[in-house]
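# A look at the structure
Listed below, chain by chain, are the residues.
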Amino acid sequence: MTLDGPRWGPANGTAKQLVVLCHGVGADGNDLIDLAPYWARAVPEAAFVAPHAPEPFAMAPHGRQWFPIGNLDPLTLGAGVRRAQTALDGFLDAELARLGLPPDAYALMGFSQGAMTVLFTGLRRAVPPRAILAFSGALIDPESLPREITGRPPVLLVHGEADPIVPVSRSRDAEAVLRANGVPVQGLYVPNLAHGIDDAGLSAGALALQRGFATPVEV
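These notes cover the structure that comes with them. (Residues numbered from 1 in each chain as written. Predicted model: local features only at pLDDT ≥ 70, side-chain atom pairs only at ≥ 80, totals over all residues. Heavy atoms only, no water.)

Quick look at the pattern of salt bridges now. As enumerated under the stated definition, the model contains 13 salt bridges in all. Residue E45 is joined to K16 by a salt bridge in which the shortest nitrogen-to-oxygen separation is 3.5 Å. On the criterion of sequence distance, the pair formed by E45 in the loop between helix 1 (36-39) and strand 3 (46-49) and K16 in the loop between strand 1 (7-8) and strand 2 (17-22) is long-range, its members being 29 residues apart. In this structure E45 comes out as partly exposed when scored by relative accessible area, which is 29%. (Salt bridge = Lys/Arg side-chain N within 4 Å of Asp/Glu carboxyl O. Helix = DSSP H or I, 4+ residues; strand = E, 2+ residues; numbered from the N terminus. Buried < 20%, exposed > 50% of the residue type's maximum accessible area, 1.4 Å probe, protein only.)

Dropping the structure here:
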């Protein structure tokens, strides 16, 4: 599964970092690439890319998905996110090589199903990302994390408390599991926010990227 999608930046000079933005189910990479100019103010030497998920959306004639959501059985979701992990891993390796960057010079961001994918993948990468930003997401297959975790990058969880699509409890549960596994995590739970990203989340994400690229990741 070869991924591709819109790219932006860097704002200044040659890319020294990579930020990968993973969209939600039913969307595609164009849904998130507009975040790049805003976050580039914090990380002006970062190149941004928003890959289209590997599968056509199974529940509509347009859009993409990282894994199917028709069956919410935990085993089915776990198998699906592992397929997505394989695709995203390959894309990350190829994109870092294309830009001539070292294997740790990247951060992951995802929204909704994309957040589930980057949390699962980033915590299992041979070389961890500098930061993981997960908006309106969840931690899939948390039981496997203690035996599969390969690094402890800083994680930012952002979730609207009025989210009707993915309940805010999913990020709160993720925060508890991450802390129990020694992962440095910050949770931002936004009152009255539904399934989306607001200014508070954008600001928190900018700071998380800035700090992540300034500090080596604990392995």
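So much for the structure itself; the text now carries on.
Attention shifts here to unusual backbone geometry. Look at the link from G9 to P10: it is a cis peptide, with omega at 10°. Turning to its location among the elements, P10 is positioned in the loop between strand 1 and strand 2. In the Ramachandran plot, S112 falls in the positive-phi region, its phi being about 60° despite a non-glycine side chain. Tracing the chain through its elements places S112 in the loop between strand 6 (106-111) and helix 3 (113-122). Given a relative accessible area of 7%, S112 falls into the buried group.

Of note, V118 is situated in helix 3. Counting along the chain gives 18 residues from V118 to G100, while the straight-line C-alpha distance between them is 22 Å.

This brings us to the environment of A204. Relative to the assigned elements, A204 resides in helix 6 (residues 199-214). C-alpha separation for the pair A204 and N181, spaced 23 residues apart in sequence, amounts to 23 Å. Excluding its chain neighbours within four sequence positions, the residues that come into contact with A204 are L156 and L188. (Contact = heavy atoms within 4.5 Å.)

What follows covers the side chain of R124. With respect to the helices and strands, the residue R124 is situated in the loop between helix 3 and strand 7 (132-135). Owing to a relative accessible area of 9%, R124 belongs among the buried residues under this scheme. The residues contacting R124, other than those within four sequence positions of it, are Q85, L119, D141, S144, L145, E148 and T150.

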